[in-house]
Amino acid sequence: MAASDKHKLLPALAAALLCFCALAPVAQCGGGGGAPPQNYTSMFSFGDSLTDTGNLLVSSPLSNHIVGRYPYGITYFHRPTGRCSDGRLVVDFLAQAFGLPLLPPYLQSKGKDLRRGVNFAVGGATAMDPPFFQEIGASDKLWTNLSLSVQLGWFEQLKPSLCGSPKKCKEYFGKSLFLVGEIGGNDYNYAFFKGKTLDDAKTYVPTVAGAVTDATERLIRAGATHLVVPGNLPMGCSSAYLTLHPGRNSTDYDSAGCLKTYNDFAQHHNAVLQQKLQALRAKYPQARIMYADYYGAAMSFAKNPKQFGFTQGPLRTCCGGGGPYNFNPKASCGVRGSSVCTDPSAYANWDGVHLTEAAYHAIADSILNGPYTSPRLL
């Protein structure tokens with residue numbers, strides 16, 4: 001693909017990436033360091049489109065032509081809810097696993113009882129604030145200013161209505177689960193939209209990962225005890241990246257057909273994030289800080305898709321407008337020229353950037369019951 005063609009496709013890809021980036025109830029979660037099992041009575045989440053359950057629809061009308069339209073929501077809700085998938089997300093499966101209601105989006109929660117939890121995540125959100133993108137010359141690519149720090153501000157505004165006194169907050173949040181992400185993927189996407197190289201983006205990793213751990217620390221200081229911090233997904237397996245940044249020869253792809261360089265970059269981010277989380281554990285030994293390896297969980301079905309029921313493979317999208325991976329920025333899912341598959345559960349990839357409900361279910365199951373959370377969630 002010529003550089004000029006890629007430049008023309010970037011606005012459409014940006015739109016597709018706008019909101020980027022059933023388990024049986026589980027009654028208890030094991031505590032760390034020999035602590036007794038913990039019953040979670042509420043859940044709070046932050047992040048981008050991998051976690052957003054409807055905030056983007058309220059905050060940005062630009063999204064309505066994508067996630068606000070059918071076939072988004074086709075599998076579970078049977079209507080668009082603002083989720084960037086055909087159904088539920090990891091956060092939904094976690095809430096159901098712990099016997100909690102699906103988290104309402106904060107911007108649609110006026111008048112609701114939020115004592116059992118709320119979702120602050122916004123599609124398109126970043127770990128970094130707008131000045132960072134001004135500094136790297138990518139501020140014109142931002143789709144929302146509702147960054148992670150803004151979401152934390154919402155939480156702090158809500159906090160007095162949840163618990164009031166420091167003593168009550170300590171008790172209340174001690175029984176709450178906090179999901180801090182996934183977030184950070186858009187920080188790199190916007191940089192790539194602006195033509196930054198992988199080497200450029202690597203210089204941003206300590207800052208982006210630091211913003212995630214700073215947010216985690218801010219929540220701990222607010223009283224959070226149990227926190228799950230996910231890493232980034234393998235972006236080299238995204239059909240959007242596979243389409244717009246194809247390899248020059250077969251050696252650029254791994255055995256699953258994913259781009260090695262972009263997956264290596266995602267792993268680098270995750271490694272830096274884990275190092276920073278380890279330092280945070282040493283600083284706050286009373287907190288249970290759990291790293292969720294979304295990358296490893298996703299690569300497990302990227303490498304062995306049929307074992308997870310993904311008979312159509314891990315890379316081709318269910319909802320798209322054609323091309324080798326059924327991803328066409330000029331006909332993205334939800335707009336004219338695209339079509340949806342008959343069985344989303346046979347696909348891991350939903351729209352070229354986001355995953356299907358079946359794939360999110362597999363990730364949720366992996367971090368609940370498998371080896372992809374450190375320390376273990378259960």
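Per an unreviewed UniProt entry, the recorded name for the chain is GDSL esterase/lipase, and the organism is Urochloa decumbens. Listed under Sequence similarities (unreviewed entry) in UniProt, the entry text for the chain is "Belongs to the 'GDSL' lipolytic enzyme family."

Chemist: Describe the pattern of salt bridges, listing the residues and the values that go with them.
Modeler: On inspection of all chains with the given rule, the structure shows seven salt bridges. Aspartate 140 is paired through a salt bridge with lysine 194; the nearest N and O atoms lie 3.2 Å apart. Pair noted here: aspartate 140 is in the loop between α4 (130–135) and α5 (148–162) and lysine 194 is in the loop between α7 (185–193) and α8 (198–202), with a separation of 54 residues, a long-range link. Glutamate 156 is paired through a salt bridge with arginine 218; the nearest N and O atoms lie 2.9 Å apart.

Chemist: Describe the state of the cysteines, listing the residues and the values that go with them.
Modeler: Tallied over the entire structure, the rule returns four disulfides. At a sulfur-sulfur separation of 1.9 Å, the disulfide partner of cysteine 163 is cysteine 169. The sign of the S-S torsion, about 80°, decides the handedness of the disulfide formed by cysteine 163 and cysteine 169: right-handed. The same class applies to cysteine 163 as to cysteine 169, namely buried. Paired by a disulfide, cysteine 319 and cysteine 333 hold their sulfur atoms 2.1 Å apart. Here the S-S torsion is close to 90°, and the disulfide linking cysteine 319 with cysteine 333 is therefore right-handed. Note that cysteine 319 is positioned in strand β6 (residues 319–320) and cysteine 333 in the loop between β6 and β7 (339–340), a separation of 14 residues in sequence.

Chemist: Can you lay out the side chain of asparagine 349 for me, pointing to particular residues and giving the numbers?
Modeler: As for its placement among the helices and strands, asparagine 349 is situated in the loop between β7 and α13 (357–369). A polar contact of 3.5 Å, which involves the side chain of asparagine 349, links it to the backbone oxygen of leucine 315. From its side chain, asparagine 349 meets the backbone nitrogen of glycine 352 in a polar contact 2.9 Å long. With near-sequence residues (within four places) excluded, asparagine 349 lies in contact with Cys237, Ser238, Ser239, Pro314, Leu315, Arg316, Thr317, Cys318, His354, Leu355 and Thr356.

Chemist: Explain unusual backbone geometry to me, and be specific about the residues and the numbers.
Modeler: Cis geometry is adopted by the peptide bond preceding proline 71, which originates at tyrosine 70 and carries an omega value of 15°. The topology assignment puts proline 71 in the loop between α2 (55–59) and α3 (90–97). Cis geometry marks the peptide bond from glycine 181 to glutamate 182; its omega dihedral reads 15°. Looking at the secondary structure, you find glutamate 182 in the loop between β3 (176–180) and α7.

Chemist: So, the sheet that holds β3: which residues are in play, and what are the values?
Modeler: The mixed open sheet is built from six strands, whose spatial order is β2-β1-β3-β4-β5-β8. Each having just a single partner strand, β2 (117–119) and β8 (373–374) make up the two edges of the open sheet. Bridge analysis of β3 against strand β4 (residues 226–230) gives three bridges, and the strand direction is parallel. If you follow leucine 177 over to β4, its bridge partner there is histidine 226. Here α3 sits on the sheet and contacts β1 (42–46), β2 and β3; the angle it forms with β1, its principal contact strand, is near 170°.

Chemist: Can you explain the environment of leucine 233? Please cite residues and give values.
Modeler: Examined against the element boundaries, leucine 233 turns out to sit in the loop between β4 and α10 (239–244). When the C-alpha atoms of leucine 233 and histidine 354 are compared, they prove to be 10.0 Å apart, with 121 residues separating the residues in sequence. Excluding residues within four positions of it along the chain, leucine 233 makes contact with Leu50, Ala266, Tyr294, Tyr295, Ala298, Leu355 and Ile363.

Chemist: How would you summarise the packing of α3 against α13 if you had to cite specific residues and measurements?
Modeler: Their axes nearest at 8 Å, the elements α3 and α13 cross at an angle of 50°. In terms of orientation, α3 and α13 fall into the oblique class. For α3 against α13, the interelement crossing comes out right-handed. Between α3 and α13, the residues in contact are Val90, Phe93, Leu94 and Ala97 and Glu357, Tyr360, His361, Ile363, Ala364, Ile367 and Leu368, respectively.

Rules used throughout
- Residues numbered from 1 in each chain as written.
- Predicted model: local features only at pLDDT ≥ 70, side-chain atom pairs only at ≥ 80, totals over all residues.
- Heavy atoms only, no water.
- UniProt positions renumbered as here; feature names shortened; annotations may be inferred.
- Salt bridge = Lys/Arg side-chain N within 4 Å of Asp/Glu carboxyl O.
- Helix = DSSP H or I, 4+ residues; strand = E, 2+ residues; numbered from the N terminus.
- Disulfide = S-S within 2.5 Å.
- Buried < 20%, exposed > 50% of the residue type's maximum accessible area, 1.4 Å probe, protein only.
- Polar contact = N/O pair within 3.5 Å; in protein donor to acceptor, adjacent residues only side chain to side chain.
- Contact = heavy atoms within 4.5 Å.
- Pairing = 2+ DSSP bridges.
- Axes fitted to C-alpha atoms, helices over the stretch in contact; angles between N-to-C directions.
- Parallel < 35°, antiparallel > 145°, perpendicular 65-115°, else oblique.
- Left-handed = near helix turned anticlockwise from the far one by under 90°.

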